[in-house]
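Now for the letters of each chain:
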Amino acid sequence: MQFLKSTILAITLASSGILMQPCYGQNNIYVSNSGNDKNDGTFKHPVQHLETALSKASGYINNDVVVILRSGIYPLQKTIEITPDNFKEHSLTISSYPNERVTITGSSKIKPIWQPYKGHIVKAKLSVDFVPDQLFINGKSLPMARYPNFDSTARVYNGTAKDAISESRVKTWQTPAGGYIHALHAGEWGSFDYLITGKDDKDVLTYEGGWQNNRPSPMNKQYRFVENIFEELDAPGEWFYNKLTQTLYLYPPAGVDLNKAVFTISGLTDLIHVIGSKEKPLSNITIKGIDFTQTARSFMLAKEPLLRSDWRMYRGGAILLDRTEHVIISYCNFYELGGNAVFLSNYSKNDTIRDNHIHTIGGNAIAFVGNPDAVRSPAFSYETFVPWDKMDYQPGPKSSDYPQYCVASGNLIHHIGTIEKQVAGVQISMSSHITISHNTIYHTPRAGLNMSEGTWGGHMIEFNDVFNTVLETGDNGAYNSWGRDRYWRPERNLIDSIVAARPGIQFLDVIDPIIIRNNRFQCDHGWDIDLDDGSSNYRIYNNVCLSGGLKLREGYNRTVTNNIIINNTFHPHVWLKNSNDVFEHNIVSLPYAPILMNNWGKNIDQNFFLTKEALTASQHLGLDKNSTYGDARFIDEKSGNYHLKPGSQALKTGFKDFDMNFGVTSAVLRKLAQKPTINPLVISVNQGTQNRIEWLGAHFKNIETLGERSAAGLHDNNGALLTDLSAASLAAKSGLEKGDVVIKANDDSVNSVEELLKIYQKIKWMGKAKLVIVRNQNEQVIIVNFK
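Residues numbered from 1 in each chain as written. Predicted model: local features only at pLDDT ≥ 70, side-chain atom pairs only at ≥ 80, totals over all residues. Heavy atoms only, no water.

Peer 1: I would appreciate a short explanation of the overall build of the chain in the present structure.
Peer 2: Helix and strand counts for the chain stand at 9 helices and 63 strands. The dimensions of the chain, computed from C-alpha atoms along their principal axes, are 85 × 65 × 55 Å. Looking at the 787 residues of the chain, the share that counts as buried comes to 61%. The contacts in the chain between residues at least 6 apart in sequence include a share of 67% that link residues at least 24 apart. When the accessible surface of the chain is summed, it comes to about 30,500 Å², and 49% of that surface belongs to carbon and sulfur atoms. In the chain, the 78 positive side-chain charges and the 79 negative ones have mean positions that sit 1 Å from each other. (Helix = DSSP H or I, 4+ residues; strand = E, 2+ residues; numbered from the N terminus. Buried < 20%, exposed > 50% of the residue type's maximum accessible area, 1.4 Å probe, protein only. Contact = heavy atoms within 4.5 Å. Areas by Shrake-Rupley, 256 points an atom, 1.4 Å probe, with all protein chains shown as cover. Lys, Arg positive; Asp, Glu negative; His and termini not counted. Charge placed at Lys NZ, Arg CZ, Asp CG, Glu CD.)

This is how it looks when you write it as structure tokens:
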């Protein structure tokens, strides 16, 4: 289905006239599968390979060149490199011919002659000069032989098992070398990947890897799986390649005619590199209207730590831009990739990634990552600190070797991180003044937008639609940031003392404010906006938060104003002295959820709450003296239209209506893009007390009759009674049963189903909770998982 969507998109983009109409001049070079590399590259006499066309283009000096590819699939045997050695003083455009689909692929076509092997499994001799990393059938990637088997309904990795590398299972593997272990971080903060090197005489696996996350931990005990193990070849669609015997084994997918199917294999991780130099960046290059697909996976290459964030990365992808200026990548499709789609590395200035469709890829969609040599007093792990007496106190970067004034706009990004889980729709690290605008991003294993640290600020995050995020991990947000810059330490008292002694140290790296405005964010397994560990110098306004609320951990100079927080609240965590933080003129659904707060910033006031309860709770904290509550009078909250009707009481607090034109703007991409689910307001002054709810796949109701009290063994009518549930529900998998009455969640009493929902909205970012239930007239404690 995803492959079909990409086909439709490519054809539609071309037929709509979006793709560049080539002018038939002397500087056009044509490429066709039916061409010949000895030809001159004219319209009637095209060359056959893109590499040949680019070689011819390098001969032009001070003339603009357009390389035009005719319809077809162009497999690459090695990464194309455009460098100062083969690129002269002119502009270069690489484009598809109008109304024709062009695909550049990292795979090679094979024609296996299948023979029976055992049971349903077939085999074929395959002599290749690389070990295949991905096998595609009719354009769709197939899973390697794995345990547990691929399950499209499983939340993490499409299937995990505690016993994936147990001794009893390893005993059944004769030669596991070459297999892989994939596992979440123990805290679910991303993932780890390992290459199996063998096993010892006691059937204990030996392996290497685990460097993909910058916050080391053991493997998660539950969320793990193995692949590329011959003995696990036992399900339709799985395959295995024995490099010693050069034999390909396949358990054919259901309904596929092997004699008619098209098979391709990949071993190439990167397709095009555009690489300049510090002295002479490459500039004025455009890549337009081309599909990029079927690259090998790059998870074992993700080794480089990005300062003190949780990330490690591989500087590569389908397209790598390194030390470039005025490069444009537009109207392209990136799909079925093993790693990153577009990576902007080191110095990149005024580059634009616009109106592309990026989906079904193993890594990040778009990444902006500077050179750590440009950072003053860098540190590269959470526990590493530059001593105060050795720190460089000069603000800003040491050099210009980082992305700056670049743009990612109008891109449709979804279903990323199919293997790597520490990924984002757009990732920014060691960059400045990056504009992320009008992108639609959804179905991500972790953050939709990620800011690794504060260096060097100035970013504009606006009009994005980011939802269905943090689906496979935890403790993160639709928008996530860290601020572990020069000044930061984990101990609040230490930060307080050093900032008092050296005012301004907190802004040495984040020298310009980061603006987050006019976005729609949704995260059911974390926060909609999550500013973590020291994130500072933010202006956050005119955003709609649909589910997870807004969190500010310790940091400085965050102004949060004129936002709408639906079905959740403001989460202030462990603030610092004299933080100068402001939270005002916001619409808030539920009572604030503070954690270990000793300091309350500059001003928290003039907000509008949807209930009296939420306002009263805030005022009991000594906040919101001039705030009020009532019906915000949204135009249509059921459909997600949160514009205010005239006369709304919220307007009297200083709140102002704002532009809610979220997401992609291309008509073609808007038709393809999904939209977030709009849930009913948990709290609404018009809906009255709820009596029945659905939670974790189970149905609950209030205790209403003496009979219900008696049957449960309750002393009063307080609690939420579970009336029915399916075996596949999260409630059932956590051990809840029909007839249970929930009377407490964590430390909060549950007096009604409405209160259960309120509490859940505040704590769902935790991923689980301790419930006190009454079962068979006795209290029990049970842990329930939220995902």
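Anyway, onward from the coordinates.
Peer 1: Please clarify how the sheet that holds strand β7 (residues 107-110) should be interpreted in this entry.
Peer 2: Each strand in a sheet pairs with its neighbour through backbone hydrogen bonds, running either in the same direction (parallel) or in the opposite one (antiparallel). Spatially, β7-β19-β10-β11 is the arrangement adopted by the 4 strands of the open sheet, whose pairing is antiparallel. Strands at the two margins of the open sheet, each flanked by one partner only, are β7 and β11 (140-142). Going from strand to strand, the sheet's axes swing by 35 degrees on average, the running direction of each strand aside. Bridge analysis of β7 against strand β19 (residues 263-266) gives 4 bridges, and the strand direction is antiparallel. Opposite K109, over in β19, you have T264 as the bridge partner. (Pairing = 2+ DSSP bridges. Axes fitted to C-alpha atoms, helices over the stretch in contact; angles between N-to-C directions.)

Peer 1: Explanation requested: the sheet that holds strand β13 (residues 180-185) in the structure shown.
Peer 2: Strand order across the open sheet formed by 5 strands is β12-β16-β13-β14-β15, with antiparallel pairing between neighbours. Each edge of the open sheet is held by one strand with a lone partner, namely β12 (146-147) and β15 (205-209). The pairing of β12 with strand β16 (residues 219-227) spans 2 bridges and is antiparallel. Within the sheet, the bridge partner assigned to Y147 lies in β16 and is V226.

Peer 1: Looking at this structure, I do not really get the packing of aromatic side chains. What am I missing?
Peer 2: Both the distance between ring centres and the angle between the ring planes are used here to describe each pair of aromatic rings. Scanning the entire structure with this criterion turns up 31 aromatic pairs. Arranged with centres 5.7 Å apart and planes meeting at 75 degrees, the rings of W695 and Y760 form a pair that is edge-to-face. Separated by 65 residues along the polypeptide, W695 in strand β57 (residues 692-695) and Y760 in helix α9 (residues 753-763) bring together distant segments of the chain. Members of the aromatic cluster, each reached through a chain of ring pairs, are F570, W575, F583, Y592, W600 and F609. Lying across the ring of Y382, R215 places its NZ or CZ 3.8 Å from the centre. In this arrangement the basic side chain of K551 is found over the ring face of W527, its NZ or CZ atom lying 4.1 Å from the centre. (Phe/Tyr/Trp six-rings, centres within 6.5 Å; stacked < 30°, edge-to-face > 60°. Lys NZ or Arg CZ within 6 Å of the ring centre and 35° of its normal.)

Peer 1: Help me understand the pattern of salt bridges, please; the structure alone is not making it clear to me.
Peer 2: Opposite charge on two side chains makes pairing possible when the charged atoms of those side chains draw close. Summed over all chains, the structure comprises 30 salt bridges. Close ionic contact of R775 with D740 constitutes a salt bridge, the shortest N to O distance being 2.8 Å. Of this pair, R775 sits in strand β62 (residues 768-775) while D740 sits in the loop between α8 (730-733) and β60 (741-745), and the two are 35 residues apart along the sequence. Connected through shared salt-bridge partners, R215, D310, R484, D530, D532, D533, K551, R553 and E554 make up one network. (Salt bridge = Lys/Arg side-chain N within 4 Å of Asp/Glu carboxyl O.)

Peer 1: When you look at the nonpolar core in this model, what are you seeing that I'm missing?
Peer 2: In globular proteins that are soluble, nonpolar side chains generally tend to be buried together. Ranked by size, the top nonpolar core spans 88 residues in total, and within it V67, I82, F292, F334 and Y479 carry the most contacts. In this structure, Y479 is in contact with L449, M451, I461, I514, I516, F521, D528, I529, D530, L531 and Y538, ignoring residues within four places of it in sequence. Residues A720, V753, L757 and Y760 belong to the second largest nonpolar core, which totals 25 residues. (Core = buried A, V, L, I, M, F, W, Y, C linked by side-chain atoms within 4.5 Å.)

Peer 1: Quick question: what am I supposed to make of unusual backbone geometry here?
Peer 2: Note: most residues except glycine have negative phi, and most peptide bonds are trans. Residue P148 follows Y147 across a cis peptide bond; omega there is -5 degrees. Mapped onto the fold, P148 is located in the loop between β12 and α3 (167-170). Residue W456 follows T455 across a cis peptide bond; omega there is -5 degrees. Within the element layout of this structure, W456 appears in the loop between β37 (449-451) and β38 (460-462).

Peer 1: Just checking my understanding: could you explain α9 for this structure?
Peer 2: Residues three or four positions apart in an α-helix share a direction because the helix packs 3.6 residues into each turn. Among the 11 residues of α9, 9 are classified as buried, and the element is accordingly described as predominantly covered. For α9, every residue scored as buried is listed here: V753, E754, L756, L757, K758, I759, Y760, Q761 and I763.

Peer 1: It is not clear to me how the environment of P395 should be interpreted in this structure. Could you clarify?
Peer 2: When you line up the elements, P395 lands in the loop between β30 (366-369) and β31 (403-404). Along the chain, P395 and S91 lie 304 residues apart, while their C-alpha atoms are 36 Å from each other. In this view, P395 contacts R376, R486, L508 and I511; residues no more than four positions away in its chain are not counted.

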